[in-house]
Amino acid sequence: MSTSGLQRRRVGGGASSEGTNTPSRGSSEGSRPGRYDEGGRRVAYDPEDINSSEDERQHPRLTLMEEVLLLGLKDSQGYLSFWNDNISYVLRGCILMELAFRGKIAITSDPGRRRLAVCDRLVEVVDDKLTGEALLDETVKLMRASEPLSVATWIDYLSGETWNLTKIAYQLKQVRERLAKGLVDKGVLRTEKRNFFLFDMATHPVADTGAKDDIKRRVITLLTARTIALPDSPHFPEGIPFRHLRAVALVAAAYAGVVLDNVCANLSYDARDLAFNRADELLSEFAEWPFAPSGGNLAELVANELHDGTNSTEKELQMEVVAGVISVYGRMESIL
């Protein structure tokens, strides 16, 4: 069998995964590539497959699509509503937004793009370094091998919403199940078997309620507070790039994916109505470029995130992707 492009993972201190995981006495952890747990045991490591620890610290623990899926899951039952036809499409848009937030993709820098609606502008890969998130890396690979396509077209192709048989291979398969398994690996969900009359199905109840509560607090803060101050947490710490724009993208995706009801369930009728009105406003304000947030301090917070540090032009091209995805969500919402 050809070994081209393949690299065997080395686990532990020995030559195979069946050996001990303890570093040899004659070597130091700092001089050998790899990672070690708190007990000094070496764990699986492949520099081509995962980010450096510095890269990991720049991003939240959960991806945007994982957060949306988590909001949609019933806590104890561990599955999504069978009547939700929107979330699969919305999750593909979340993949594009997550790639934009991580600086992997951006709108092509062409002055003529301004004549097009933001969702019809072409997307290009600007950084193809692996993220360690399988769905993100798979999408980057597809986009790198493809001709330039628009934001809306990519969401359609990744969802399988096309009559073009030559683009069927672009569809990402089993996205919800793969995201759920990723959340199991991160300790947020667990796996159980549940019987549904004639068949058994794997379900994923919530194991870490703190992670989901953190997401809910972030959404409620953005929808109900006039002065935005996002709560700090281990899952979404201070210092994450585009922290407030990520929160806006989460609200837009939750709204379009019909999982916002789960977040607002404990609000009073009037507060819930106001929260949904605010979600609709955010969808409109961030579906265009440049963004035009109104009310409170959100406009200032967003401006600071876009112009903080260097490469503001690159950031703007990346955020045009986010605006394009949210504009697609707005079209979905209009026909719900």
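Here, every reference points to the structure presented above.
Just so you know, these numbers come straight off a predicted model, no measurement behind them.

### Re the overall build of the protein chain
In step 1: The secondary structure content of the protein chain amounts to 12 helices and seven strands.
In step 2: In the protein chain, which comprises 336 residues, the proportion classed as buried is 46%.
In step 3: A sequence separation of at least 24 residues applies to 62% of the contacts in the protein chain between residues at least 6 apart.
In step 4: About 17400 Å² of surface is accessible on the protein chain, with carbon and sulfur atoms providing 49% of the total.

### Comments concerning the pattern of salt bridges
In step 1: In total, this model carries 19 salt bridges according to the counting rule given.
In step 2: Ionic pairing is found between Arg-102 and Glu-98, a salt bridge with its closest N-O pair at 2.7 Å. With respect to class, Arg-102 is no different from Glu-98; both count as buried.
In step 3: Across the pair Arg-190 and Glu-192 runs a salt bridge whose closest N-O atoms are separated by 3.0 Å.
In step 4: We classify Glu-192 as partly exposed; its relative accessible area is 30%.

### Digging into the packing of aromatic side chains
In step 1: Following the criterion strictly, the structure yields six aromatic pairs and no others.
In step 2: Both rings, one in Tyr-255 and one in Phe-276, keep their centres 6.0 Å apart while their planes meet at 75°; by these two values the pair is edge-to-face. Of this pair, Tyr-255 sits in helix H8 (residues 243–256) while Phe-276 sits in helix H10 (residues 269–285); the two residues are 21 residues apart in sequence, bridging distant segments of the chain.
In step 3: Among the aromatic side chains, those forming a connected cluster through ring pairs are Trp-154, Tyr-157 and Tyr-170.
In step 4: The ring of Phe-236 carries the charged tip of Arg-218 above its face, separated from the ring centre by 3.8 Å.

### Details of the side chain of Glu-66
In step 1: Mapped onto the fold, Glu-66 is located in helix H2 (residues 64–72).
In step 2: Looking at Glu-66, the relative accessible area reads 2%, which means it is buried.
In step 3: Within the structure, the side chain of Glu-66 is placed 2.8 Å from the side chain of Lys-186, a separation counted as a polar contact.
In step 4: Apart from residues no more than four positions distant in its own chain, Glu-66 is found in contact with Arg-61, Glu-133, Leu-179, Gly-182, Leu-183 and Lys-186.

### Re the nonpolar core
In step 1: If you look at the biggest cluster of nonpolar residues, it comprises 95 residues, and the most contacted ones within it are Leu-96, Met-97, Leu-260 and Tyr-329.
In step 2: Beyond its immediate stretch of four places on either side in the chain, Tyr-329 contacts Val-90, Gly-93, Cys-94, Met-97, Ala-252, Ala-253, Ala-256 and Leu-283.

### So, helix H4 (residues 134–145)
In step 1: Between the first and last C-alpha of H4 there are 17 Å, a value that for 12 residues agrees with the 16 Å anticipated at 1.5 Å per step.
In step 2: The set of residues buried in H4 consists of Leu-135, Leu-136, Asp-137, Thr-139, Val-140, Leu-142 and Met-143.
In step 3: In this structure, the buried side of H4 is in contact with H2, helix H3 (87–101), strand E3 (105–107), strand E4 (122–125), helix H5 (151–159) and helix H6 (175–185).

### A short note on the sheet that holds E3
Through backbone hydrogen bonds, the strands of a sheet pair up, either in parallel or in antiparallel fashion.
In step 1: Judged by pairing direction, the sheet is antiparallel, and its three strands sit side by side in the order E3-E4-E5 without closing on themselves. Two strands in the sheet have a free side with no partner beyond their single neighbour: E3 and strand E5 (149–150).
In step 2: Of the strand pairs in this sheet, E3 and E4 are connected by three bridges, and their pairing is antiparallel. From the neighbouring strand, Ala-106 faces E4, where its bridge partner is Glu-124.

What counts, and at which threshold
- The residue count restarts for each chain, going from 1 along the sequence in the order it is written.
- For a predicted model such as this one, the threshold for reporting local features is a pLDDT of at least 70, and the threshold for listing and counting side-chain atom pairs is 80 or more; totals across whole chains, interfaces and linings nevertheless cover every residue.
- Calculation of side-chain values draws on the structure's entire complement of heavy atoms; hydrogens and water are dropped beforehand.
- Where helices and strands are cited, they refer to DSSP runs of H or I of at least four residues and of E of at least two residues respectively, numbered from the N terminus.
- Each residue is assigned to one of three classes by its accessible area relative to the maximum for its type, calculated with a 1.4 Å probe on protein chains only: buried under 20%, partly exposed between the two thresholds, exposed over 50%.
- Residue contacts follow a heavy-atom distance rule, with two residues in contact if any of their heavy atoms lie within 4.5 Å.
- Areas reported as accessible are Shrake-Rupley estimates using a 1.4 Å probe. Residue values count occlusion only from the protein chains shown.
- Salt bridges are defined as contacts in which a side-chain nitrogen from Lys or Arg sits within 4 Å of a carboxyl oxygen from Asp or Glu.
- Only rings of Phe, Tyr and Trp enter the pairing, Trp through its six-membered ring, and a pair is recorded when the two centres are within 6.5 Å. The plane angle decides the type: under 30 degrees is stacked, over 60 is edge-to-face, the rest tilted.
- Counting as a charge over the ring demands two things of the Lys NZ or Arg CZ atom: a distance within 6 Å of the ring centre and an angle within 35 degrees of the ring normal.
- By the criterion applied in these results, polar contacts are pairs of N or O atoms within 3.5 Å in which, for protein atoms, one can donate a hydrogen and the other can accept it, and in which residues neighboring in sequence qualify only through two side-chain atoms.
- Residues belong to a common nonpolar core when they are buried Ala, Val, Leu, Ile, Met, Phe, Trp, Tyr or Cys residues joined through side-chain atoms within 4.5 Å.
- Take the number of residues in a helix, subtract one, and multiply by 1.5 Å to get its expected span.
- Any two strands are treated as partners once DSSP identifies two or more bridges connecting them.

Scope: geometric values only; no functional claims are made or implied.
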